[in-house]
Amino acid sequence: MQNDPIPLIREKALWMRRTAFTMVHRAQLGHPGGDFSATDILASLYFGVLRHDPTRPGWEDRDRFIMSKGHATGAIYTALCAAGYFPEDWLATYMQNGSRLNGHPNRNYVPGVETNTGPLGHGFPVAVGIAIAGALQGRDYRTYVLTGDGEQQEGSNWEAAMVAGHRRLRNLTLIIDRNRLQQGAGTEETSGLDPLDRKYEAFGWEVAMVDGHDPAALVAALSARGDRPRCIIANTVKGKGVSFMENVAKWHHGVPNDAEYAQAMAELV
Amino acid sequence: MSHAVEVKGLYDCRDAWVKTLVDVAANDPRVVAVVNDSVGSSKLGAFQKAYPDRLINVGIAEQVMVGVGAGLANGGQVPFVSAAACFLTGRALEQVKADVAYANFNVKLVGQSSGVAYAELGPTHHSIEDFAWMRLLKTITTVVPADPWEVEQAIRWAAQHEGPVFIRLSRMPVPALDIPDRTFTPGKAQVAREGSDVTIIACGTITHLAIAAHDLLAAEGISARVLNMHTINPLDEAAIDAAAQTGAIVTAEEAHLRGGLGGAVAEYTAGHRPVPVERLGFDGFQPTGDLDHLFTRSGLTIEGIAAAAKRAMARKVGSGK
């Protein structure tokens, strides 16, 4: 990196959290807990890792990012907006009647969205296809896909993991948002995922564990190159950044009242 | 007996499929094939030999197969995702809905051995629900070729068309159809035989039986129009308007009675052109039996189609019955 991207990533991540929570407060809809666990990952990608050009969302050689945990639209919409893919006034329409900004992202309406997600376990297989296309064409773009950790319970992910491992798709990076909570309970008390690292290693992947809220660690892990597909297990905190939301399952799709909103905005500085 | 497998000069449409795909791929490097281990049953051996790197076999994993298809389209390829129709449309239905239809990716889904082609293997391997499922996904053009010529036309069209397509093929032997002035335009039915007393609307493996029924009815003085409705979605509504003017309609398809070609015609006529419609197809899960048994018990024979035509005519307004 010619310039240290970390201060910019931190600045953008703060803006994303404040803006996403404002959207959720206004709409009284959304998934703020998962937005906040993924925010630093997305900010690191868009402002420190991805080779992309918001003025050319269809650029053939762009790095691809697929938001497989499509319910975390507060995170992906604010990331794309911050990066310049669409104007900020779109955000005020979040989940309003007729808005481009549905509760789950639609590539046909939102520039920068690579595929439609929402049902869990869909983004990862699509990312595998994108990586295969890049390899076939000899292009040097990279494909990144972010899944939730609970999402890893969907079997389609393991089909995708097997195919990517078998084909040694070194241009593919999977990021798992390991906040250890799903909708109503912990992942390990629901249908345990551990040890995720050993599972992916057994499927032929290189695995790294990082602090999912440390931009420097994220940029380093996401920029690394290897000979096999890479799995980054990003240890995160659901609701990160707001004291009363952190590690509280109900904020998966909980929405703030006015007092909670005010307190959160006071903390997010 | 009048079943297809007893007609002479028959073709396995998979041969036309792979021959055309190899040919199309020679001129278009974007074209790739994606399969769920079904290289043999999709008859893709020749494609694999010609373009080993462009045959992507994900193993027995239909969800990732369809997702990979969408991803390949994102990367600028034109993927033909080929698998037994029952697994492609059933097992991977949510991927077909979300990743292909809703995302509107340029993916070509090719359902092999559709309908009851697997006969004795039973309802798990029959694909009679696929018409209904795919009809609900309006962004996917659904084409049901009736013979080798139409398979070739459909594959060539799909390769250059920008948008999702479902092409439903069969391994069931069918004759080459003799249809005057035949052209293939998606969404536009072919008039296989002219007629004015009743219209038989068929597709795929059933079209040749409908044409034979036309001859049988003609011998009894009944003039039956036959439409080859090779596109289920979008439906050729103008052809159905014209069919309604004959006063009676029969639909015949190798698919479920509910929600398929007959369902589409019934929906349209009920709303626009009320007319008697007799529907032939499979009424749910089928018992163990060979093709002949399954077709015959559901009236999908030359005689069965002719009988349905007479039933439809008997229901005409003013028929006095």
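Fair warning: this is a prediction, and the values are worked out from it, not measured in the lab.

Participant: Would you take a moment to explain the overall build of chain B for this structure?
Facilitator: In terms of regular secondary structure, chain B is built from twelve helices and 14 strands. Whereas a compact globule of 321 residues would reach a radius of gyration of roughly 20 Å, chain B reaches 19 Å, a difference of no more than 12%. By its C-alpha atoms, chain B is 65 × 40 × 35 Å across when sized along the principal axes. Split into buried and exposed, the 321 residues of chain B put 64% on the buried side. When contacts within chain B are restricted to residue pairs at least 6 apart in sequence, long-range pairs at least 24 apart make up 77% of them. A total of about 11600 Å² of accessible surface is found on chain B, and carbon and sulfur atoms cover 52% of it. Taken together, the 28 basic and 34 acidic charged side chains of chain B have centroids lying 2 Å from each other.

Participant: Just to check I follow, could you spell out the packing of aromatic side chains for this structure?
Facilitator: The relative placement of two aromatic rings is captured by the distance of their centres and the angle of their planes. Considering all chains together, one arrives at 15 aromatic pairs over all chains under this definition. Relative to W90 of chain A, the ring of F86 of chain A has its centre 4.9 Å away and its plane inclined at 10°; by these criteria the two rings are stacked. A single burial state applies to F86 of chain A and to W90 of chain A, both of which are buried. Its end group placed over the ring of Y51 of chain B, R54 of chain B keeps NZ or CZ at 4.5 Å from the ring centre.

Participant: It is not clear to me how the sheet that holds strand β2 (residues 31–35) of chain B should be interpreted in this structure. Could you clarify?
Facilitator: Where strands meet in a sheet, backbone hydrogen bonds hold them as pairs that are either parallel or antiparallel. Residue and element names in this part refer to chain B. Pairing in this open sheet of seven strands is mixed, and the strands run β3-β2-β4-β5-β7-β6-β12 from one edge to the other. The two strands at the open ends of the sheet, each matched to only one other strand, are β3 (55–57) and β12 (231–233). On average, each strand axis in the sheet is tilted by 20° relative to the strand beside it, whichever way the strands run. Inspection of the sheet shows strand β6 (residues 141–143) paired to β12 by two bridges, in the antiparallel sense. Within the sheet, the bridge partner assigned to V143 lies in β12 and is T231. Each of β4 (78–84), β5 (108–112), β6 and β7 (165–168) is contacted by helix α7 (residues 148–160), which is oriented at about 165° to β7, the strand it contacts most.

Participant: Just checking my understanding: could you explain unusual backbone geometry for this structure?
Facilitator: Glycine aside, residues mostly have negative phi angles, and peptide bonds mostly take the trans form. Following D194 of chain A, the chain continues to P195 of chain A via a peptide bond in cis, the omega torsion being 0°. With respect to the element layout, P195 of chain A can be found in the loop between α6 (187–191) and α7 (196–202). The amide bond that connects N233 of chain B to the next residue, P234 of chain B, takes the cis arrangement and shows omega of 0°. With respect to the secondary-structure elements, P234 of chain B resides in the loop between β12 and α9 (237–244).

Participant: Would you mind showing me how to read the pattern of salt bridges here?
Facilitator: When charged atoms on two side chains of opposite charge get close, those side chains can pair. Counted under the stated rule, the structure contains 27 salt bridges over all chains. When the shortest N-O distance is used, the salt bridge between D194 of chain A and R178 of chain A registers 3.1 Å. Here D194 of chain A, found in the loop between α6 and α7, pairs with R178 of chain A, found in strand β3 (residues 172–178); they are 16 residues apart in sequence, far enough to count as distant. Put simply, K43 of chain B and D12 of chain B hold a salt bridge, and the shortest N to O gap is 3.8 Å. Here D12 of chain B lies in the loop between β1 (10–11) and α1 (13–27) and K43 of chain B lies in the loop between β2 and α2 (45–50), a separation of 31 residues in the sequence. Of the residues examined, D12 of chain B reaches a relative accessible area of 18% and is grouped as buried. Members of the salt-bridge network, linked through shared partners, are D149, R178, R180, E188 and D194 of chain A.

Participant: Please explain the interface of chain B and chain A as it appears in this structure.
Facilitator: By convention, interface size is frequently given as the accessible area that disappears when the constituent parts associate. Facing 26 residues of chain B, the contacting portion of chain A comprises 25 residues. Interface area for chain B against chain A, summed over the two sides, is near 2100 Å², with a carbon-plus-sulfur share of 53%. The three residues of chain B that bury the most area against chain A are V64, N74 and Y102 of chain B, which together make up 25% of that side's buried surface. At the boundary of chain B with chain A, the tally comes to zero salt bridges. Here chain B and chain A share 14 residue pairs in polar contact (both at pLDDT 80 or more) between them. Of all the elements in the fold, those that place two or more residues in the side of chain B that touches chain A are β3, α3 (62–74) and α5 (93–102) of chain B. Of the residues forming the side of chain B that touches chain A, the biggest block, nine residues, is contributed by α3 of chain B. Of the residues contributing to the side of chain B that touches chain A, the split by class is twelve nonpolar, ten polar and four charged.

Participant: Can you walk me through the sheet that holds strand β1 (residues 64–67) of chain A in this structure?
Facilitator: Residue and element names in this part refer to chain A. The strand order across the open sheet built from five strands is β1-β2-β3-β5-β4, with neighbouring strands paired in parallel fashion. A single partner strand is all that each edge strand has here, and the edge strands are β1 and β4 (206–211). Neighbour-to-neighbour, the strand axes of the sheet open up by a mean angle of 20°, direction not taken into account. Judged from the six bridges that link them, β3 and strand β5 (residues 230–235) form a sheet pairing that is parallel. When the bridges of β5 are listed, I175 appears paired with I232.

Participant: Can you help me understand helix α12 (residues 302–314) of chain B in this one?
Facilitator: Residues and elements named next belong to chain B. The end-to-end C-alpha distance of α12, which contains 13 residues, comes to 19 Å, matching closely the 18 Å that a straight helix rising 1.5 Å per residue would cover. Among the residues of α12, those classed as buried are I302, G304, I305, A306, A308, A309, A312 and M313. Residues of α12 that are buried in the fold lie against β10 (198–202), α8 (207–219), β13 (249–256) and β14 (277–282).

Participant: Where do I start with the domain arrangement of chain B in this structure?
Facilitator: Residues and elements named next belong to chain B. As assigned here, chain B comprises domain 1 (10–174) and domain 2 (190–314). If you average the C-alpha positions of domain 1 and of domain 2, the two centres end up 25 Å apart. On the domain 2 side, the residues contacting the 28 residues of domain 1 number 33 residues. Summing the contributions of domain 1 and of domain 2, the shared interface buries around 2300 Å²; its carbon and sulfur component is 64%. Taken as a group, I128, F131 and R135 account for 28% of the area that domain 1 buries against domain 2, more than any other trio of residues on that side. On inspection of domain 1 and its partner domain 2, the count reaches one salt bridge. One salt bridge connects R135 with E267, and the closest N-O pair in it is separated by 2.9 Å.

Quick notes on the rules
- Position labels on residues start from 1 in each chain and follow its written sequence.
- Written order determines the labels here, with chains lettered from A and ligands numbered from 1.
- Given that the model is predicted, a residue must reach a pLDDT of at least 70 before its local features are reported, and side-chain atom pairs must reach 80 or more before they are shown or counted; all residues, however, enter totals for whole chains, interfaces and linings.
- Excluding hydrogens and water, the side-chain figures rest on all heavy atoms present in the structure.
- Each helix is a run of DSSP H or I of at least 4 residues and each strand a run of E of at least 2, with the numbering of both proceeding from the N terminus.
- To get the radius of gyration, use the C-alpha atoms; to get the globule rule, take the number of residues to the power 0.38 and multiply by 2.2 Å.
- The cut-offs for exposure are 20% and 50% of the maximum accessible area for each residue type, with area from a 1.4 Å probe on protein chains only; residues under the lower value are buried, those over the upper are exposed, and the others partly exposed.
- Two residues qualify as a contact provided that any one of their heavy atoms is within 4.5 Å of a heavy atom in the partner residue.
- Note that accessible areas follow from Shrake-Rupley with a 1.4 Å probe, and for residues the cover is restricted to the protein chains shown.
- A residue counts as positive if it is Lys or Arg and as negative if it is Asp or Glu; His and the chain ends are not included.
- Taken as the charge centre is NZ of Lys, CZ of Arg, CG of Asp or CD of Glu, depending on the residue.
- Pairing of aromatic rings covers Phe, Tyr and Trp, the last counted by its six-membered ring, and requires centre-to-centre distances within 6.5 Å; plane angles under 30 degrees mean stacked, over 60 mean edge-to-face, and any other angle means tilted.
- Each ring is checked for a lysine NZ or an arginine CZ that lies within 6 Å of its centre and within 35 degrees of its normal; such an atom marks a charge sitting over the ring.
- A pair of strands is treated as paired once DSSP finds two or more bridges between them.
- Between N-to-C directions, angles span 0 to 180 degrees; the directions come from axes that are lines fitted to C-alpha atoms, helices contributing only their stretch in contact.
- Any carboxyl oxygen of Asp or Glu within 4 Å of a side-chain nitrogen of Lys or Arg constitutes a salt bridge here.
- Reported buried area values correspond to the accessible surface (1.4 Å probe) lost by two parts on association, with both partners' losses combined.
- Pairs of N or O atoms within 3.5 Å make up the polar contacts considered here, provided that, within protein, one atom can donate a hydrogen while the other can accept it, and that residues adjacent in sequence are counted only when both atoms are side-chain atoms.
- Gly falls in the polar group here, along with every residue not listed as nonpolar (Ala, Val, Leu, Ile, Met, Phe, Trp, Tyr, Cys, Pro) or charged (Asp, Glu, Lys, Arg).
- To estimate how far a helix should reach, multiply one less than its number of residues by 1.5 Å.
- An automatic or database domain assignment supplies the residue ranges for each domain.

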